[in-house]
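Geometric and topological summary
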Amino acid sequence: MTVCSAPGKVYLFGEHAVVYGEPAVPAAIERRARVTVDPRDDDHVRVTAEDLSLDGFTVEYTGGTGDRPDVDVPTPLVDAAIGYVDAAVRQARAAAEEPDAGFDITVESEIPLGAGLGSSAAVVVAGIDAATRALGEPLDRRELADRAYRAEFEVQDGEASRADTFCSTMGGAVRVEGDDCEPIDAPNLPFVIGFDGGAGDTGELVAGVRELREEYRFAADTVRSIGDIVRAGEELLADAVPEADPSRELLVELGELMDFNHGLLAALGVSARSLDTMVWAARDAGAHGAKLTGAGGGGCIVALDPHEETSTALSFTQGCEEAFRAELATEGVRVEEP
Ligand SMILES: Nc1ncnc2c1ncn2[C@@H]1O[C@H](COP(=O)(O)OP(=O)(O)OP(=O)(O)O)[C@@H](O)[C@H]1O
Ligand SMILES: C[C@@](O)(CCO)CC(=O)[O-]
Ligand SMILES: [Mg+2]
């Protein structure tokens, strides 16, 4: 039995635009997905995922091409539910050159699904790491991040950046621009998360932005402007003291850029009433800045506030189901039980 865990993330800046080659800066947070893998004697894959919205279930299938799990729910639901685990299995089999390897897999996660905190990336990263280790073929972190990216790319129909998977693998804050991925130094940013209890479909939201960008020049300009915001944010971070508490001035400047970034994401059609409401509640409570995080459509916002006001205000905001502080996860993927 091999157990690995990997963290979720928030985007300080740059989601969506990163899909079109602009830079982005996500940061890993201390909420983890844990994947347990036991190799089997046959070529079957048995997945137990208690956190899935189908009220948790177990499926067993061989995982061969075109072979679908035998469960009594519509195929799109099953695909949505196990698509990422399935893709992780394919990557692990390919990496270990064991196309017929079978596994019993259990997924447990503290990361809400489809809410912009990178649950899919964390499951894929921890899943590939655990499965390749279970087969005696551990990957170095760069290769693991690359395999995890390919899994997300496949499930999201070719619409994925390397940002979520690289961040979840490495931990800390990272910078991703196209294929260029690097960890960066960051101060201890005081992230507060508001969660509306809902979810958005990353693949669909990314496809929506792509269409808008093809149809309207303003949307292509907006994507480039998000890139400008990211570059400005990176400069601020480069001047900050790593792993120290940030100055108020830095929080004010980063927060302003986060506010701009949220406005541009809203222009691209990926915000939602609940996300806008939480963003304004955070700003009204004195947060230095607030924006949606991840694909949007519903799910989470991230705000900067070293004090308790923002999370208190969010917990009283209609439509906010949960508000919590998120610590930067300095450690990325890790082995929990070898
Ligand atoms: N605990 C889990 N067990 C099994 N599958 C999971 C789990 N958590 C996430 N997943 C998979 O990830 C999918 C959600 O991924 P999606 O990319 O839509 O959202 P996200 O990664 O949470 O948010 P974002 O990509 O915006 O940061 C789920 O439908 C499921 O396939
Ligand atoms: C929306 C997006 O930029 C982030 C989702 O967390 C998609 C991606 O980068 O793959
Ligand atoms: Mg995702």
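Everything that follows concerns the structure shown earlier in this document.
Residues numbered from 1 in each chain as written. Chains lettered and ligands numbered in written order. Predicted model: local features only at pLDDT ≥ 70, side-chain atom pairs only at ≥ 80, totals over all residues. Heavy atoms only, no water.

1. Looking at the layout of surface pockets
Counted only if it meets this: Computed over the protein atoms alone on a 1 Å grid, cavities are sets of points where a 1.4 Å probe fits but cannot get out and pockets are open sets with protein on both sides within 12 Å along at least five of seven lines; a residue lines them when it has an atom within 4 Å of a point. Grid points are joined across faces, edges and corners, and a volume is the space filled by probe spheres set on the points. Helix numbers and strand numbers start at the N terminus; a helix is a DSSP run of H or I with at least 4 residues, a strand a run of E with at least 2. Residue type decides the class: Asp, Glu, Lys and Arg count as charged, Ala, Val, Leu, Ile, Met, Phe, Trp, Tyr, Cys and Pro as nonpolar, and the leftover types, Gly among them, as polar.
Put simply, the second largest pocket is a space of about 270 Å³. If you trace the second largest pocket, you find 17 residues lining it, with Asn188, Leu189, Pro190, Asp245 and Pro306 closest to the centre. Of all the elements in the fold, those that place two or more residues in the lining of the second largest pocket are α7 (248-267) and β11 (322-326). When the residues that make up the lining of the second largest pocket are grouped by side-chain class, the tally is eight nonpolar, four polar and five charged.

2. Quick look at the site of ligand 2
We apply this condition: Whether a residue is near a molecule or strand is decided by its heavy atoms; if any one of them lies within 4 Å of it, the residue is near. Polar contact is the term for a pair of N or O atoms within 3.5 Å; when the atoms are in protein, one must be able to donate a hydrogen and the other to accept it, and sequence-neighboring residues count only if both atoms are side-chain atoms. Residue burial considers only the protein chains on display, and all accessible areas are found by Shrake-Rupley using a 1.4 Å probe. Domain ranges listed in this record stem from an automatic or a database domain assignment.
Around ligand 2 sit 13 residues in total, of which Lys9, His16, Ala160, Ser161 and Asp164 are the nearest. In this structure, an oxygen atom belonging to ligand 2 sits 2.5 Å away from a side-chain N or O atom of serine 161. Contacts to ligand 2 include aspartate 164, whose side-chain N or O atom sits 2.7 Å from an oxygen atom. Protein chains shield 97% of the accessible area of ligand 2, which is 300 Å² for the free molecule. When the residues that make up the shell around ligand 2 are grouped by side-chain class, the tally is six nonpolar, four polar and three charged. Each of domain 1 (2-184) and domain 2 (191-326) accounts for three or more of the residues forming the shell around ligand 2.

3. A closer look at the packing of helix α2 (residues 119-134) against helix α3 (residues 141-155)
Spelled out, the test is: With axes taken as lines fitted to C-alpha atoms, and helix axes fitted only over the stretch in contact, angles between N-to-C directions fall between 0 and 180 degrees. Put simply, angles under 35 degrees are roughly parallel, angles over 145 are roughly antiparallel, angles from 65 to 115 are roughly perpendicular, and the rest are oblique. Take the far helix as the reference: if the near one is turned anticlockwise from it by less than a right angle, the crossing is left-handed, and if turned clockwise, right-handed. Contacts between residues were defined by any pair of non-hydrogen atoms, one from each residue, lying within 4.5 Å.
Where α2 meets α3, the closest approach of the two axes is 9 Å, and the angle between their N-to-C directions is 125 degrees. The angle between the axes of α2 and α3 places the two elements in the oblique class. Viewed along their axes, α2 and α3 form a crossing whose handedness is right-handed. Here Ser120, Ala121, Val124, Val125, Ile128 and Asp129 of α2 come into contact with α3, specifically with Leu144, Arg147, Ala148, Ala151 and Glu152. Here the contact of α2 with α3 is built from residues that sort into seven nonpolar, one polar and three charged.

4. Quick notes on the pattern of salt bridges
Note the cut-off: Between Lys or Arg on one side and Asp or Glu on the other, a salt bridge is scored when a side-chain nitrogen of the former is within 4 Å of a carboxyl oxygen of the latter. The classification of residues rests on relative accessible area computed with a 1.4 Å probe and restricted to protein chains. Under 20% of the type maximum is buried, over 50% is exposed, and intermediate values are partly exposed.
One pass over the structure, following the stated rule, counts 25 salt bridges. Across the pair glutamate 154 and arginine 90 runs a salt bridge, and its minimum N-O distance is 2.3 Å. Linking glutamate 154 in helix α3 with arginine 90 in helix α1 (residues 75-95), this pair joins segments that are 64 residues apart in sequence. With relative accessibility at 36%, the residue glutamate 154 sits in the partly exposed group. For arginine 90, a relative accessible area of 35% puts it in the partly exposed group. Its salt-bridge partner being glutamate 234, residue arginine 175 comes within 2.3 Å of it at the nearest N-O pair. Within this pair, whereas arginine 175 is found in strand β6 (residues 173-177), its partner glutamate 234 is found in helix α6 (residues 217-238), the two being separated by 59 residues in sequence. A residue is classified by how much of its surface remains accessible, and arginine 175, at 18% relative accessible area, is buried. Taken together, the salt bridges that share partners define one network made up of Asp146, Arg150, Arg162 and Asp179.

5. Some details on the packing of aromatic side chains
Ring pairs (aromatic) are described by centroid distance and by the angle formed between their planes. Put simply, the rule reads: Centres within 6.5 Å make a pair out of two Phe, Tyr or Trp rings, where for Trp the six-membered ring is used; the pair is then stacked when the planes are under 30 degrees apart, edge-to-face when over 60, and tilted otherwise. Note on criteria: charge over ring means Lys NZ or Arg CZ within 6 Å of the ring centre, with the direction from the centre no more than 35 degrees off the ring normal.
In total, this model carries two aromatic pairs according to the counting rule given. Seen from their ring centres, tyrosine 149 and phenylalanine 153 are 5.7 Å apart, and the 55 degrees between their planes marks the pair as tilted. Of this pair, tyrosine 149 and phenylalanine 153 both sit in helix α3, four residues apart, which is roughly one turn of the helix. With a relative accessible area of 14%, tyrosine 149 lands in the buried category. On the numbers, 5.8 Å between centres and 50 degrees between planes, the contact of tyrosine 216 with phenylalanine 218 is tilted. Over the aromatic face of tryptophan 280 sits the side chain of arginine 283, whose NZ or CZ is 4.6 Å from the ring centroid.

6. Concerning empty space enclosed by the protein
Enumeration according to the criterion identifies two cavities of 30 Å³ or more in this entry. One number sums up the size of the largest cavity: a volume of about 50 Å³. In terms of lining residues, the largest cavity is bounded by Val35, Val85, Ala88, Val89, Ile105, Val123, Gly127 and Ala131. Looking at the lining of the largest cavity, the elements that each hand over two or more residues are α1 and α2. Taken as a whole, the second largest cavity encloses approximately 40 Å³ of empty space. What lines the second largest cavity is Leu12, Val25, Ala27, Ala173, Ala186, Pro187, Leu189, Phe191, Leu237 and Leu328. Split by residue class, the lining of the second largest cavity holds ten nonpolar, no polar and no charged.

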